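Structural overview for review
The primary structure of each chain is shown beneath.
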Amino acid sequence: MAARRKLIAGNWKMNGERADGLALAGELAVRAKASAPACDMLVCPPATLIFAVGFAIAGSGIALGGQDCHAAPKGAFTGDISAEMLKDAGCSYVIVGHSERRHLRGETDADARAKVEAAWRAGLTAILCVGETKGEREAGSAVSVCCGQLAGSMPDGATPDKLVIAYEPVWAIGTGLTPTSADIEAIHKAVRAKIPEGMRILYGGSVNPKNAADILAIEDVDGGLIGGASLKAGDFWAIADACR
Ligand code: 13P
C-alpha cells in the first residue's frame, strides 16, 4: 500500500477580492514553481475568483477547488453553483459539508451526501467535512458525532481518489483553540476504521505555522484544511513545508 501523500488545502472562505486574491495565488505559484512542495497543495478561493486564480496557479502543480456546490447539475437555483460548473472552471476538488454550511445554512448529512455524489458525477474529488460542537465534545460524544456524520454523508462507492475526509471540530475553527494531539488522533483513528484504505483524513481548525508540524506528525493525519492561515502566502507555505 503506497503511503498517503499529505494534502494541504486552503479554504479562503468569503475572503479575497481580485487584487489580494491574485497576489496570494501568484505568490504561491512562484514558490511552488521554485521548489516543489513536499505535499499536494490545493486552494479553494471564493467563486468569483476561481477562474482568475486558476490562471494564476497554472503550471504550478497547485490544485484548484470550490468551497461548496449544489447537488443538481443545473437549473433554477439562484445563486448556486453546480459541481459541473466548478469542473468547467478548472476545479478538481470541492469542499462539502463544511460546518459553516451545516450550522449557518442548516445543511444536513443527506445534503452533504448528495453534494458528494454531485462532485463525483462531475469528476471532482470531494472533501467531506465532519466535526463536533463544543457542547458535543464536552458531553463526550465527539467520536460518535463525527462517525455519525460520516455514516450519513459518505455515499457508497467512495475511493481514495474521489473522496477526502476533513475532521474540523466546530469549536476549533477560527478560535485559536485546537484539540490535544491525543484527541485528534482518537477521532482520526475512529474515522480511519470506517473508510476505504488509502483515503486521506485532513485536520482543520486553527492550524498555523507554529502548530502545523506537531499536528501533521499525528498518526492518521494526512494533511490540513486551513482557513485563516491560508490567506497569507508565507503562512500557508510554512504549513505545507511542515509536511517535510
Ligand atoms: P481556521 O483555520 O481559520 O480555523 O478555519 C478552518 C476551516 O474551517 C477550514 O475549512
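Above this text you will find the structure in question.
Residues numbered from 1 in each chain as written. Predicted model: local features only at pLDDT ≥ 70, side-chain atom pairs only at ≥ 80, totals over all residues. Heavy atoms only, no water.

1. A closer look at the overall build of the chain
Of the regular secondary structure elements, the chain holds 10 helices and eight strands. Taking 2.2 N^0.38 as the reference for a compact globule, 244 residues should give roughly 18 Å; the C-alpha atoms of the chain span a radius of gyration of 17 Å, in line with that estimate. On the principal axes, the C-alpha backbone points of the chain span a range of 45 × 45 × 35 Å. Put simply, the chain has 244 residues, and 50% of those count as buried. Within the chain, contacts between residues separated by at least 24 positions form 74% of all contacts whose residues are at least 6 apart in sequence. Accessible surface, the chain: about 10,600 Å² in total, of which carbon and sulfur atoms supply 55%. The positive charge centre, built from 25 side chains, and the negative charge centre, built from 28, are 3 Å apart in the chain. (Helix = DSSP H or I, 4+ residues; strand = E, 2+ residues; numbered from the N terminus. Rg over C-alpha atoms; globule rule 2.2 N^0.38 Å. Buried < 20%, exposed > 50% of the residue type's maximum accessible area, 1.4 Å probe, protein only. Contact = heavy atoms within 4.5 Å. Areas by Shrake-Rupley, 256 points an atom, 1.4 Å probe, with all protein chains shown as cover. Lys, Arg positive; Asp, Glu negative; His and termini not counted. Charge placed at Lys NZ, Arg CZ, Asp CG, Glu CD.)

2. Considering the sheet that holds strand 2 (residues 40-44)
Ordered by their spatial adjacency, eight strands build a closed barrel running 1-2-3-4-5-6-7-8, and the pairing between neighbours is parallel. Averaged over all adjacent pairs, the angle separating strand axes in this sheet is 25°, with direction ignored. Sheet topology places strand 2 next to strand 3 (residues 63-66); two bridges connect them, and they run parallel. Counterpart to Leu42 in the pairing with strand 3 is Ala63. Running at roughly 150° to strand 7 (residues 201-204), helix 8 (residues 181-192) makes contact with strand 6 (163-167) and strand 7 of the sheet. (Pairing = 2+ DSSP bridges. Axes fitted to C-alpha atoms, helices over the stretch in contact; angles between N-to-C directions.)

3. Some words on the site of the ligand
In the region of the ligand, 13 residues are neighbours, and Lys13, His98, Gly174, Ser206 and Gly228 sit closest. His98 has a polar side-chain atom sitting 2.8 Å from an oxygen atom of the ligand. The contact in question runs from an oxygen atom of the ligand to an N or O atom on the backbone of Ser206, over 2.7 Å. Out of a free accessible area of 300 Å², the ligand has 94% covered by protein chains. In the shell around the ligand, the residues fall into four nonpolar, seven polar and two charged. (Near = heavy atom within 4 Å. Polar contact = N/O pair within 3.5 Å; in protein donor to acceptor, adjacent residues only side chain to side chain. Nonpolar A, V, L, I, M, F, W, Y, C, P; charged D, E, K, R; others polar.)

4. Things to note about the environment of Phe236
Tracing the sequence through the fold places Phe236 in helix 10 (residues 233-241). As a C-alpha pair, Phe236 and Gly65 span 171 residues in sequence and 16 Å in three-dimensional space. Every residue in contact with Phe236, bar those within four places of it in the chain, is listed here: Ile8, Ala9, Gly10, Leu28, Met41, Leu42, Val43, Ile226, Ala229 and Ser230.

5. Here we look at the packing of helix 1 (residues 18-34) against helix 2 (residues 50-57)
Across the interface, helix 1 lies against helix 2 with an axial gap of 8 Å and an inter-helix angle of 25°. By the criterion of interaxial angle, the relationship of helix 1 to helix 2 is roughly parallel. In this structure, helix 1 crosses over helix 2, and the sense of that crossing is right-handed. Where helix 1 approaches helix 2, its residues Gly21, Leu22, Ala25, Gly26 and Ala29 are matched on the opposing element by Ala52, Val53, Ala56 and Ile57. Within the contact of helix 1 with helix 2, the residues separate by chemical class into seven nonpolar, two polar and no charged. (Parallel < 35°, antiparallel > 145°, perpendicular 65-115°, else oblique. Left-handed = near helix turned anticlockwise from the far one by under 90°.)

6. Description of the pairing of strand 7
Neither face of strand 7 is exposed, since Ile201 and Tyr203 on one face and Leu202 and Gly204 on the opposite face are all buried. Alignment of strand 6 against strand 7, held across three bridges, turns out to be parallel. Of the residues in strand 7, the one forming a bridge with Ala166 is Leu202. Following the chain from strand 6 across helix 8 to the adjacent parallel strand 7, one finds a crossover that is right-handed. When strand 7 meets strand 8 (residues 223-226), the two strands line up parallel, connected through two bridges. When the bridges of strand 8 are listed, Tyr203 appears paired with Gly224. (Right-handed = clockwise from strand over helix to strand, strands pointing away.)

7. A short note on the nonpolar core
Counting 63 residues, the largest nonpolar core has Ile8, Val43, Leu128, Leu163 and Ile165 as its most contacted members. Element by element, the count of residues in this core is highest for helix 5 (residues 109-122), at six residues. Those residues within four positions of Val43 in sequence are excluded, and the remaining contacts are Gly10, Trp12, Leu28, Val53, Ile57, Ile62, Ala63, Leu64, Gly65 and Phe236. Judged by nonpolar contacts, the second largest core, of 13 residues, contains Leu42, Ile127, Cys129 and Leu202. (Core = buried A, V, L, I, M, F, W, Y, C linked by side-chain atoms within 4.5 Å.)

These figures capture arrangement, not role.
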